[in-house]
Amino acid sequence: MPSCCVPWPKLTGRRRAAPQVRAQGVAEKAKGIPQANLGERSLPGPSGWQDAKNTAVNGLMIALRVTKEATPFFPPLQSAVGGLLAIAEVVQKVSSNKDGVETLVGYVDKLNMMVATTLPPNYDSCPTPLKERLADFDMRVKAVAQEVQKLEARALPAQLLNADDTADRIEECIRSLSWLIQCLTVQGTISIELAVDELHIVIRRGFDHMDERFDGLSDQIGGVSDQIAQLRSDATHGLRYTYQAAFDYHQSGRSQCEANTRLDALATVYSWLRPNDPRLSGLPAPLCVVHPESPVFWINGLAGTGKSTLAQTIAQRCENVGFLGASFFCARDGERSNVQLIFPTIAHQLGSICAPFRQYVSEAVKANPDIHGSLVSRQLQKLIVEPLRAVKENGLFPECTIVIDALDECKDDEAVSVILRALSSHVSAIAPLKFVITSRPVQQVTSGFRLRELVQNTQHFSLSMVPVENTKRDIALFLRNRLSFIREHYYIDGYWPSDEQVDALVELASELFIFAATAVKFVGDQQANDPERQLNLLLNPPSPSAIPISPTSPYNHLDALYTQVLKSAFPKVDRPLRANIKIVLGTIALAQEQLSPGALEALLHLTSGTVRRTLRQTHSIIIVPPTDEEVIRVIHRSFADFITDASRCVEADFRVNPPIQHTVIAKHCLQTLLLLQRNICRISDEALLNVEVPGLNERLAKYIPPNLKYSCKYWSYHLCLAEPDQEILDALDSFCRTHLLHWLEALSLLGCVDEAIQALQSARETLEKLPIPPTDVPTLLYDCERLVRSAYPAISASCFQVYQCALPFSPTRCLLRQCYMSQAPNTVQLRSGMEESWSPNTVSIEAHARRVQAVAYSPNGQRIVSCSEDATIKLWDARTGARLHVLEGHTARVCCVVFSPSGKELLSSSDDLTVKLWDATTGKCLGSWTRHTHDVRSVAWSPDGNYAASGSYDRKVILWPVASPEAATIFTEHTAEVDGVTFAPETSCLQATTKPAGCGMWRASNASVPSSIQLASLRFSPDGTHIVTGECANSVRIWQCNLRQQQSKESKRLFGYQAKDRGIWEPSTGTYRSTGGHHASTVRVVSFSPDGSLIATAAWDGTVRLWDAATGTRSKLLAGHEYLITSVAWARSGRFLVSTGDRDHHVVVWDVRTGERVKTFKGHTGGVWVALFTDDERQIVSCSDDGTIRLWTIEGSKLGAAASPGILYQGNGPVYTMTMSLDSHWILSGTLDFIQPEPPHALGIGLTAPSRKPTRVAGLVRGAWEETYGYPTLRLHDAAGHVLWVENHGSMIASLAFSQDCTRALSGSQDGRIFLYDLTVLVPSNDAARITDRMGPANVLIHEFEVGDGKPVEHVSFSVDERAVVSDASYTHLEPPLWPKRAHGSTSSSSSPVYFLLDGWLWRAVPQLRRVCWVPPAFRHFRDGATAWRGNMDTCGDLVAFGTIHGKLVTLDLSDC
């Protein structure tokens, strides 16, 4: 942890000289001592370890002697140090723990620092609570010393027999001592510097009555709530933005330029904005040549030079003339520092001036619900550029200005501003918008404006271009105007201030407008009520030597001004006042968001009025609002920098110690979080998404006041910068055991779930670096982090999914689950499929529409890129799995994608014969290289990023100079297809692999030879802690490595996951190799028995497994197929089960009670896809790849004669799906005909012609390696197999169903559509009266609708009452004319529950449509890709069963939901 970085003062007296003694002593004693290499973890031989340990112990003894010499007047410390020295002697004898001793030395050094700089002169001067802490420290050290001495006193045989135990206990004792010292130094420093003990009773009293404080605070911010409602009444639904960033936000405190000042700078900007404006004639000439055609204007200058004032003036003028489109005034705190809110906020404001634009933005948000977390370049594209383009086509958008102020104050970790990179990609498409951007000339922003597109389209204007005399003139004018107002207000006679005084102030200002503004506030301070005296203090401080001025600092006079202001505000500082000053000013300086006085008091648990009383004399630097509806504002950020910098703020009474202040804030945040509770916003319907909650903004303002909101967002930030002690650890323990889920709920409502992972991870890592005592806090933090990662989409969308999804699906042995399950009543229960412990799979992303071809980490490990057969490249957040960007441009499968060594670019290759270069931040295509003549299978970067290489099936390897790709070098020596290329690390060797075998290697500079490396869709993160895999299941998954197991970057397996039914994960197959109760590979079929007591599953491992539906336990294993089982079907009685095989072409009948095979039917010559029992259970009908529908007899015969023995139908293409009517008289089949189908011959029934033309499609059945082309065709057969009717489909048919009376039929296609047919003209009926809604014989198709999410409709059926259509992803009510005949005779609707899964959300459709919960990808079936890989779900009452791609049966009980 960071130590207190305070320079040691020059001390007098015996005790105060101790630090010098210690420094000299350490230097002298260290001369003859060999120094240990602290980074070393293994030394050559026992003697090396012994030397290192002795060195560490000697260092400890030296440090302790320094402590002893420095504390002669502190008996408890003397006593404790004596105990520590005794312990050190024992450690030297019996322990070899060098690292622990070195850590302890560091904590003793911190103790010495506190003794030297913080403790009072003697023990009697210490506050009573500090004396009690010292006495307690002495007692605890003695207890540890006794434990160590007991270990030393063991007899030698016992020591030898229990050596490991002794070493562990000694190590634990050392850790305990380190923690005791840490707690003493932190608590002692806080007690003395901040007088926390004197405030303790007051704080506790305030905390006990915090609920009432919150109620009052809620009443005070009622006006704010109303303003929020008004501001957001026209907001785009689902668009997250901030109203605080607008130039006219009433609490901003910004002012415009003083009249008749800054005219030359304003004239330069106005001439660029509107060069033909006649009002320009009244202004000076521009300071530089103006280019009005440039869409961007950059104003830059040092801190304090008035950039924000200029921006405010420009925005106000544009608003006055109707030329302002939007504004975003950035700040270092709160939402205004979030770069991901800039373009959404601008889009919102633009929508307020153009209704069509707002409508297009609304459509963009609906189509991209994750846009708030996307890369800012994608936000710019989707929220501004594309809506702007659509509106401009109709000429509806006016020319206007966008003002972005203080861009450098946004939180942006990139080397080049992401806002500027985004603008550079779309700068040619933003007209008629004109951007005015202000910032300091920091490297990040300067580099952005050096981008080629912005260099060509930006007007640069530095405030240093303003002549010095002009700036001084403007500052003088400002001072005269403001001081003249003060003179009149205070009735000051005579000529005041004098010209000499004004000139002196101008010189002190050093061209910084912030100095002038602060000086005016100081002089006119109403609390001082004496402007003349104040001005004299400023110009002639009473003791100039007390305010040192550094000749090299650009802020020397400003620092002196700040010091003078503080000294004037607090001329006499006693201990309680100093505590208040540091607590209040320190929190204002270090807080991440601005707070009102009431909110600050509530956060710090101070009595009402404390903040205003403390700040009443500081109005010249801190603006304290009159009410709690506004926030406290520092006049300029430089004051916060000043007060926390020991080199600038030399007055100890005012200087803030950042680590200690962060400690105080962290404690109060954690205390505040204890007020969280379930359903904190009193939302009545827990099925709603956050965006669907009525009046959510008003609820947030009422129930989550600013101090609680602040604590939710920033407790971890302050903790990580703090010096944690036992009080923080205890507060963390209480928070983690009772309120972690409440915290996640609050973050979800606040739209900040993406911050949770970093907060939890950082807090845990901070604690793990400390010698804390045994505690469950790190485990609970880790569990919560994994919880958020596993259910991030759900928690982000709905706060209640914390309880309804994240917790129920967590592992059974998860400590967090054990602590919190009681807080989640009436939620889903898992009967089967639960994990005992966390899987190494931390994040699962349903990434692409087709198979993922390649994945890669960015060099910093924060992003992941994937590419797919769907021709897209996608960027993902490596922590949350949130989609950041979609890169489109390839026209065929993208085979490979890699980050450049800098992480700024991407390189991709594709079957479209191109290699493309992309900007990894904006997603812009920077180049497309075309020299290959066949599929480009692989690309790679050279280590220095100057070269790229590509390998292709055209047997060529091409070396591309990135800066000049036209000068590419082509290597043609390969005799086979090139499958992979890579550069050898730290060399210029380029290696290539060929297909099926062979290798070659070239040197990029001159071309030489051998060796190769094989790559797969698996990559390690840069730090080696995670792996990302791209799967044939269209998914991208992130895995946590088990660092205890040996790992290799060439490994193709992930080890270390030891759950009960798991072995080794095989990324190449997307399955587990398992010997447990679950399947070893993808579950293809899940089916409930007719009575709902059993569940049958079938998988790629060639087995059928029967499960008890009530308990989720496996009852039988039915083994008899080879490889993939494509279907299972129950006999109506539930006694028999039939299964079909792909590779073995078999149809197998099983006795469910015994698990024995009844019969195996062989005859199909291709994979069998469906088999069904006839209604009498004596026969089976099956369909196959061989184009046949066959009849198999178990015993007896009922169906009519077949066209040939056992064959009911022989087609010219595979039959992939089939269904049979309840009476077994009719069959519907779905085929992929190789030959264009012809209508059947007339058979005496009113046959109709197909309503659509045949369409040839590519059928993806078993994988990309086996695409089958043909014509999707639907046929109706009678019991003998005769074709009665043919209908063409535009996509492969995935599912079929009859109504019970066969008057209606359904087909579900792989493109997500469902078709409903009227069969009354085809199927004979005993009832002569036809229903009136049937269509004529020329059109059997009566309804077509798109449902669900556009994925294959793997299941389709009529509801129980047959008045609705049910699919695996939809429930659609039918109008009465569309009902089957039988439904018209029913008098009531069905109340049986119906469930379906859409976009990962499980819905209950009956009795009313209601969202139940989100199901994590690992717990549901796979719905994309090839037919053979897709799974299914089945339901029975309130039980829902899924078969997963990893072989599990997941059974959900929804009866309590």
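Not measured: the values here are computed from a predicted model.

J.: I keep staring at the overall build of the protein chain and nothing clicks. Help me out?
T.: Along the backbone of the protein chain there are 39 helices and 59 strands. A buried classification covers 59% of the 1457 residues belonging to the protein chain. Long-range contacts, defined here as pairs at least 24 residues apart, represent 63% of the contacts in the protein chain between residues at least 6 apart. Entry remark: accessible area of the protein chain is about 57000 Å², with carbon and sulfur atoms responsible for 50%.

J.: Would you mind showing me how to read the environment of Gln-526 here?
T.: Mapped onto the elements, Gln-526 comes out in the loop between helix H22 (513-523) and helix H23 (531-539). For Gln-526, a relative accessible area of 58% gives the class exposed. Distance from Gln-526 to Tyr-490, taken between C-alpha atoms, is 9.8 Å for residues 36 residues apart in sequence. Sequence-distant contacts of Gln-526, that is, excluding residues within four places in its chain, are made with His-489 and Tyr-490.

J.: What is the right way to look at the pairing of strand E35 (residues 1136-1141) in this model?
T.: Regular strands have side chains that alternate between both faces of the sheet. In terms of burial, E35 is largely enclosed, as six of its six residues are buried. The side-chain alternation of E35 yields two buried faces, one formed by Phe-1136, Val-1138 and Thr-1140 and the other by Leu-1137, Ser-1139 and Gly-1141. Bridge analysis of strand E34 (residues 1125-1130) against E35 gives five bridges, and the strand direction is antiparallel. If you follow Val-1128 over to E35, its bridge partner there is Ser-1139. Where E34 folds back on E35, the antiparallel hairpin that results is connected by five residues, among which Gly-1134 adopts a positive phi of roughly 80°. Looking at chain direction, E35 and strand E36 (residues 1147-1151) are connected through five bridges and run antiparallel. In the strand pairing of E36, Phe-1136 is matched with Asp-1151.

J.: Explanation requested: the pattern of salt bridges in the structure shown.
T.: As a working rule, side chains carrying opposite charge can pair if their charged atoms are close by. Under the definition given, this model contains 49 salt bridges. The shortest N-O distance in the salt bridge between Lys-472 and Glu-507 comes to 3.3 Å. You can see Lys-472 sitting in helix H20 (residues 468-490) and its partner Glu-507 sitting in helix H21 (residues 499-509), a full 35 residues away along the chain. With a relative accessible area of 28%, Lys-472 lands in the partly exposed category. Here Glu-692 ties to Arg-1411 by a salt bridge, and the two come within 3.4 Å at their closest N and O atoms. Taken together, the residues Glu-692 in the loop between helix H29 (658-673) and helix H30 (696-703) and Arg-1411 in strand E56 (residues 1410-1414) connect sequence positions 719 residues apart. Judged by relative accessible area, Glu-692 falls into the partly exposed class, the value being 35%. Take Arg-1411: its relative accessible area is 10%, and that puts it in the buried class. Among the charged side chains, a salt-bridge network with shared partners connects Arg-133, Lys-667, Asp-725 and Glu-727.

J.: For this particular structure, what's the right way to read the pairing of strand E11 (residues 863-868)?
T.: Most of E11 sits out of view: six of its six residues are buried. Burial along E11 is two-sided: the residues Arg-863, Val-865 and Cys-867 and Ile-864, Ser-866 and Ser-868 are all buried. The pairing of strand E10 (residues 852-857) with E11 spans five bridges and is classified as antiparallel. Each residue of the ladder has a partner; that of Val-855, found in E11, is Ser-866. A loop of five residues connects E10 with E11, the two strands running antiparallel in sequence, and Gly-861 in this loop sits at a positive phi of about 75°. Inspection of the sheet shows E11 paired to strand E12 (residues 872-877) by five bridges, in the antiparallel sense. Residue Arg-863 lies in a different strand from E12, and its bridge partner there is Asp-877. Between E11 and E12, which pair antiparallel one after the other, the connecting turn spans three residues, and Ala-871 there sits at a positive phi close to 75°.

J.: I keep staring at unusual backbone geometry and nothing clicks. Help me out?
T.: Following Ala-431, the chain continues into Pro-432 via a peptide bond in cis, with omega recorded as 10°. Tracing the backbone through its elements, the reader meets Pro-432 in the loop between helix H17 (418-426) and strand E4 (433-439). For the peptide bond that leads from Val-1406 to Pro-1407, omega is 10°, which places it in the cis range. As for its placement among the helices and strands, Pro-1407 is situated in the loop between strand E55 (1401-1404) and E56. Residue Ala-406 is not a glycine yet carries a positive backbone phi of 55°. Relative to the assigned elements, Ala-406 resides in the loop between strand E3 (400-405) and H17.

J.: Before we go on, may I ask you to explain the nonpolar core in this structure?
T.: If you look at soluble globular proteins, the nonpolar side chains tend to sit buried side by side. One finds Leu-479, Trp-715, Leu-732, Leu-740, Trp-743, Leu-1402 and Leu-1452 to be the most contacted residues of the largest nonpolar core, which totals 205 residues. It is helix H8 (residues 163-193) that provides the largest number of residues to this core, a total of 12 residues. Counting 47 residues, the second largest nonpolar core, distinct from the first, contains Leu-239, Trp-298, Phe-328 and Phe-343.

J.: Quick question: what am I supposed to make of the side chain of Thr-618 here?
T.: Relative to the assigned elements, Thr-618 resides in the loop between helix H27 (610-615) and strand E6 (622-623). With near-sequence residues (within four places) excluded, Thr-618 lies in contact with Ala-569 and Phe-570.

J.: Whenever I open this one, the packing of aromatic side chains confuses me. Can you help?
T.: Describing an aromatic ring pair means giving the distance of the ring centres and the angle of the ring planes. Under the counting rule described, the total for this entry stands at 22 aromatic pairs. What links up through ring pairs into an aromatic cluster is the set Trp-272, Phe-297 and Phe-461. In this arrangement the basic side chain of Arg-262 is found over the ring face of Phe-513, its NZ or CZ atom lying 4.1 Å from the centre. Just above the ring of Tyr-803 sits the side chain of Arg-678; from NZ or CZ to the centre is 4.1 Å.

J.: I would appreciate a short explanation of the sheet that holds strand E59 (residues 1449-1453) in the present structure.
T.: Sheets are built from strands that pair by backbone hydrogen bonding, the pairs being arranged parallel or antiparallel. Overall, antiparallel pairing links the four strands, which are arranged E8-E59-E58-E57 in an open sheet. Whereas interior strands pair on both sides, the edge strands pair on one side only; in this sheet they are strand E8 (829-832) and strand E57 (1433-1436). For this sheet the average axis-to-axis angle between neighbouring strands, irrespective of direction, equals 25°. With four bridges joining them, E57 and strand E58 (residues 1439-1443) adopt antiparallel strand pairing. When the bridges of E58 are listed, Asp-1434 appears paired with Ala-1441.

J.: Sorry, what's going on with the confidence of the model for the protein chain here?
T.: Low-confidence regions, as indicated by low pLDDT, have predicted coordinates that should not be scrutinised in detail. For the protein chain, the mean per-residue pLDDT works out to 81, and 84% of the residues sit at or above 70. Overall, residues 1-46 carries pLDDT values under 50, and its contacts beyond four positions in sequence, including any with other chains, amount to 69 contacts. Below a pLDDT of 50 lies the segment residues 997-1016, which in the model reaches 47 contacts outside its immediate sequence neighbourhood of four places, other chains included.

J.: Quick question: what am I supposed to make of the packing of helix H25 (residues 575-590) against H29 here?
T.: Any two packed helices are characterised by how steeply their axes cross, that is the angle between the axes, and by the distance between the axes. Viewed as axis vectors pointing N to C, H25 and H29 meet at an angle of 95°, and their least axial separation amounts to 10 Å. The orientation of H25 relative to H29 falls into the category roughly perpendicular. Where H25 approaches H29, its residues Lys-582, Ile-583, Gly-586, Thr-587 and Leu-590 are matched on the opposing element by Pro-658, Gln-661, His-662 and Ile-665. Taken together, the residues of the contact of H25 with H29 break down into four nonpolar, four polar and one charged.

J.: What's the story with H29 in this structure? I'm lost.
T.: Look at H29: 22 Å from first C-alpha to last across 16 residues, which is about the 22 Å you get at 1.5 Å a residue. Among the 16 residues that make up H29, 15 are buried, leaving the element largely enclosed by the rest of the structure.

J.: Mind showing me how you'd approach the sheet that holds E35 here?
T.: An order of E34-E35-E36-E37 is seen for the four strands of this open sheet, with the pairing classed as antiparallel. Of all strands in the sheet, those with a lone pairing partner are E34 and strand E37 (1157-1161), marking the two edges. Strand-to-strand twist across the sheet, computed as the mean angle between neighbouring axes with direction ignored, equals 15°.

J.: Would you take a moment to explain the environment of Leu-324 for this structure?
T.: Locating Leu-324 in the fold gives a position in strand E2 (residues 324-329). Beyond its immediate sequence surroundings of up to four residues, Leu-324 is in contact with Phe-247, Ala-315, Cys-318, Glu-319, Cys-400, Thr-401 and Val-403.

J.: In this structure, what is going on with the environment of Leu-60? I would like to understand it.
T.: Structurally, Leu-60 is set in helix H3 (residues 46-70). Each C-alpha atom, one on Leu-60 and one on Thr-103, is 9.5 Å from the other, the two residues being 43 residues apart in sequence. Among residues more than four places away in sequence, those in contact with Leu-60 are Ala-88, Val-101, Leu-104, Val-105 and Val-108.

J.: Please clarify how the side chain of Asp-1278 should be interpreted in this entry.
T.: Tracing the backbone shows Asp-1278 in strand E45 (residues 1267-1278). Summary of buried charges: Asp-1278 has no salt-bridge partner, and the nearest side chain of opposite charge, Arg-1275, is 12 Å away. Among the polar contacts listed, one links the side chain of Asp-1278 to the backbone nitrogen of Ala-1280, at a separation of 3.0 Å. Beyond its immediate sequence surroundings of up to four residues, Asp-1278 is in contact with His-1225, Trp-1226, Ile-1227 and Leu-1284.

Definitions and cut-offs
- Residues numbered from 1 in each chain as written.
- Predicted model: local features only at pLDDT ≥ 70, side-chain atom pairs only at ≥ 80, totals over all residues.
- Heavy atoms only, no water.
- Helix = DSSP H or I, 4+ residues; strand = E, 2+ residues; numbered from the N terminus.
- Buried < 20%, exposed > 50% of the residue type's maximum accessible area, 1.4 Å probe, protein only.
- Contact = heavy atoms within 4.5 Å.
- Areas by Shrake-Rupley, 256 points an atom, 1.4 Å probe, with all protein chains shown as cover.
- Pairing = 2+ DSSP bridges.
- Salt bridge = Lys/Arg side-chain N within 4 Å of Asp/Glu carboxyl O.
- Core = buried A, V, L, I, M, F, W, Y, C linked by side-chain atoms within 4.5 Å.
- Phe/Tyr/Trp six-rings, centres within 6.5 Å; stacked < 30°, edge-to-face > 60°.
- Lys NZ or Arg CZ within 6 Å of the ring centre and 35° of its normal.
- Axes fitted to C-alpha atoms, helices over the stretch in contact; angles between N-to-C directions.
- pLDDT = per-residue confidence, 0-100.
- Parallel < 35°, antiparallel > 145°, perpendicular 65-115°, else oblique.
- Nonpolar A, V, L, I, M, F, W, Y, C, P; charged D, E, K, R; others polar.
- Expected span 1.5 Å × (residues − 1).
- Lys, Arg positive; Asp, Glu negative; His and termini not counted.
- Polar contact = N/O pair within 3.5 Å; in protein donor to acceptor, adjacent residues only side chain to side chain.

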